[in-house]
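Okay, here's what each chain looks like letter by letter:
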Amino acid sequence: MDLSLSRKDEAFRDEVREWLASELPADIAEKVKLGLVVKKPDQLRWHAILREKGWLAPNWPKEVGGAGFSIMQRHIFDMECRLAHAPAAMAFNFQMLGPAMIAFGRPEQKEYYLPKILSDEHWWCQGYSEPEAGSDLAGVKTRAVRDGDHYVVNGSKIWTSAADIATHIFCLVRTDPDVKKQEGISFLLIEMDSPGVEVKPLIALNGRRLWNIVTFDDVRVPVTGILGKENQGWTVAKKLLGDERLFVSRVSENTRILSIVKEVCGEEVADGRPLIEDPEVSMQVASLETRLKALEMTSLRILAEADAGGRVGAEPSMTKLLGSHMVQDFDELLYRAIGYYGAPDHKGYLFGGENQMPVGPGYAVGITSGQQHHRGYTIAGGTSEVQRGVLAKAVLGL
């Protein structure tokens, strides 16, 4: 299989690269590069620029306001955005709920929700994981009981990213407790300002409010808020997760971090010369870059197969496993490269709005925070243990 870019793909890559160079606000790119929080106003500003270009929803069809990119174009676009340190567009809106709505929404739902997602009037978060249902999403216990024209929802969701700034949440809820667990789940759309919805923060190890706990206490949701059919929410969830799993290798994010590794190792000095000239460090960088190139080729093979309509099996579990561990290996090298600059606590500057300038060079400020944050990459989206289990069963037949 020829995985080299076609002339059309190369032209598209060049177009994206040139457009980013002229349109991506420098202050937003600097925040991404240094590991600072890109808050909602900046995110909205970037969304508006993408919207004007027609690239805000890369994987949506053009007829509903998307860019209509092929899978390969999505990969190229993501890669170039990450290399330019552009913030990712709100994934829950454009990569998750949007495609699920396009696939399963009733005509009136599509007409109502899709324009509001594209305009940023609606800002979504995902209600999947629960205190006793993390990787085993089919074990959700949040209940939705039919009461006339409404469901009454009780339960809780955890690790809910962006719930503190979201206007809506899409949830997996149990609507029938008396059948096999995958068969009694529905996919429900809930407004965050509904009476009985409460959001509490979960603070990450690096001091950032990354997640939240969302509780539902007799929350009344119109039955029109169900996406798909009652008790068939698992089908909707699998579609949503299936689209996402093709892009879980973190190739573009690892490529972005590699560029930072080379920059830092070129700036830091050991024994009077740049750290990158140290044979051991140089070998480590080369080894990681080789691993990344192999992962990229594998991911491109999978994407090309999917783009051609082929069947994709357990391969994304392998790329997710390798990619998430690779991020952590890059972080370890970065942390060692900056040495004692990794010791100061920069939480206030990074996440608390403090103006006091941090200790050390700017490129070192967010490295420790990034390392702490990325420890969760081997948990989020399916733990490494789960991925190994999938591969053992699907590939090795164990």
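The present account deals with the structure reproduced in this document. (Residues numbered from 1 in each chain as written. Predicted model: local features only at pLDDT ≥ 70, side-chain atom pairs only at ≥ 80, totals over all residues. Heavy atoms only, no water.)

**A few points about helix H3 (residues 40-53)**
Three or four residues apart is the spacing at which side chains of an α-helix point the same way, because the helix has 3.6 residues per turn.
Then comes step 1: Here H3 spans 20 Å end to end across 14 residues, near enough to the 20 Å set by a 1.5 Å rise per residue.
Then comes step 2: Those residues of H3 not exposed but buried are Asp42, Gln43, Trp46, His47, Ile49 and Leu50. Seen along its axis, H3 keeps its buried residues to an arc of 160°; they face one direction. Opposite its buried face, H3 presents the exposed residues Pro41 and Glu52, each directed more than 90 degrees away.
Then comes step 3: Those residues of H3 hidden inside the fold are in contact with helix H1 (7-23), helix H2 (26-34), helix H4 (71-83) and helix H5 (91-104).
Then comes step 4: Of the residues one or two after H3, Gly54 is the one with positive phi, at around 90°. (Helix = DSSP H or I, 4+ residues; strand = E, 2+ residues; numbered from the N terminus. Expected span 1.5 Å × (residues − 1). Buried < 20%, exposed > 50% of the residue type's maximum accessible area, 1.4 Å probe, protein only. Arc of directions from axis to C-beta. Contact = heavy atoms within 4.5 Å.)

**Remarks on a nonpolar patch on the surface**
Then comes step 1: Taken together, the side chains of Val395, Leu396 and Leu398 make up a nonpolar region of the molecular surface, amounting to roughly 370 Å² of accessible area.
Then comes step 2: Mapping Leu396 onto the fold places it in the segment after helix H13 (384-394). (Patch = residues over 30% accessible without salt bridge, like charges linked within 9 Å, V, L, I, M, F, W, Y side chains within 5 Å. Areas by Shrake-Rupley, 256 points an atom, 1.4 Å probe, with all protein chains shown as cover. Salt bridge = Lys/Arg side-chain N within 4 Å of Asp/Glu carboxyl O.)

**Considerations on the nonpolar core**
Then comes step 1: Formed by 53 residues in total, the largest nonpolar core has its most connected members in Trp46, Trp55, Phe94, Phe170 and Phe187.
Then comes step 2: The dominant element in this core, judged by the number of residues it contributes, is H5, at six residues.
Then comes step 3: The contacts of Trp55, once residues within four sequence positions are left out, are Phe12, Glu15, Val16, Trp19, Leu50, Ala67, Phe69 and Phe77.
Then comes step 4: In terms of nonpolar packing, the next biggest core, distinct from the first, is built from 25 residues, Met79, Val264, Val285 and Met326 among them. (Core = buried A, V, L, I, M, F, W, Y, C linked by side-chain atoms within 4.5 Å.)

**Remarks on the environment of Gln95**
Then comes step 1: On the secondary structure map, Gln95 appears in helix H5.
Then comes step 2: Along the backbone, Gln95 and Ser282 are 187 residues apart, and their C-alpha atoms lie at a distance of 37 Å.

**As for H1**
Then comes step 1: Compared with an ideal rise of 1.5 Å per residue, which puts 17 residues at 24 Å, H1 spans 24 Å between its outermost C-alpha atoms and is within 8% of the ideal.
Then comes step 2: The complete set of buried residues in H1 reads Asp9, Phe12, Val16, Trp19 and Leu20. Buried residues of H1, viewed axially, fall in a sector of 100°; they line one side. Seen from the buried face of H1, the exposed residues on the opposite side, beyond 90 degrees, are Arg7, Glu18, Ala21 and Ser22.

**Some words on the pairing of strand E3 (residues 150-157)**
Then comes step 1: Pairing between strand E2 (residues 143-147) and E3: five bridges, direction antiparallel. Across the sheet, residue Asp147 finds its bridge partner in E3, namely His150.
Then comes step 2: Between the end of E2 and the start of E3, which pair antiparallel, lie two residues, with Gly148 showing a positive phi angle near 65°.
Then comes step 3: Relative to strand E7 (residues 209-222), E3 runs antiparallel, the two sharing seven bridges. Paired with Val153 across the strands is Val219, a residue of E7. (Pairing = 2+ DSSP bridges.)

**Remarks on the packing of aromatic side chains**
Then comes step 1: Considering all chains together, one arrives at 15 aromatic pairs under this definition.
Then comes step 2: Ring centres 5.5 Å apart and planes at 75° place the aromatic pair Trp55 and Phe77 in the edge-to-face group. With Trp55 in the loop between H3 and H4 and Phe77 in helix H4, the pair connects residues that are 22 residues apart, well separated along the chain. Side by side, Trp55 and Phe77 carry an identical accessibility label, which is buried. (Phe/Tyr/Trp six-rings, centres within 6.5 Å; stacked < 30°, edge-to-face > 60°.)

**Structural notes on the packing of helix H8 (residues 251-267) against helix H10 (residues 315-338)**
Then comes step 1: Running from N to C, H8 and H10 cross one another at 15°; their axes reach a closest spacing of 10 Å. On the basis of their axis angle, the class for H8 and H10 is roughly parallel. Crossing angle aside, the handedness with which H8 passes H10 is left-handed. Contact with H8, carried on its side by Asn254, Ile257, Leu258, Ile260, Val261, Val264 and Cys265, involves Gly323, Met326, Val327, Phe330, Leu333, Leu334, Ala337 and Ile338 of H10 and no other residues of that element.
Then comes step 2: For the contact of H8 with H10, the residue count by class is 13 nonpolar, two polar and no charged. (Axes fitted to C-alpha atoms, helices over the stretch in contact; angles between N-to-C directions. Parallel < 35°, antiparallel > 145°, perpendicular 65-115°, else oblique. Left-handed = near helix turned anticlockwise from the far one by under 90°. Nonpolar A, V, L, I, M, F, W, Y, C, P; charged D, E, K, R; others polar.)

**Considering the packing of H1 against H3**
Then comes step 1: Where H1 meets H3, the closest approach of the two axes is 12 Å, and the angle between their N-to-C directions is 135°. Between H1 and H3, the interaxial angle falls into the category oblique. As H1 runs across H3, the sense of the crossing is right-handed. Side by side, H1 and H3 meet where Glu15, Trp19, Leu20 and Glu23 of the first sit next to Trp46, Ile49, Leu50 and Lys53 of the second.

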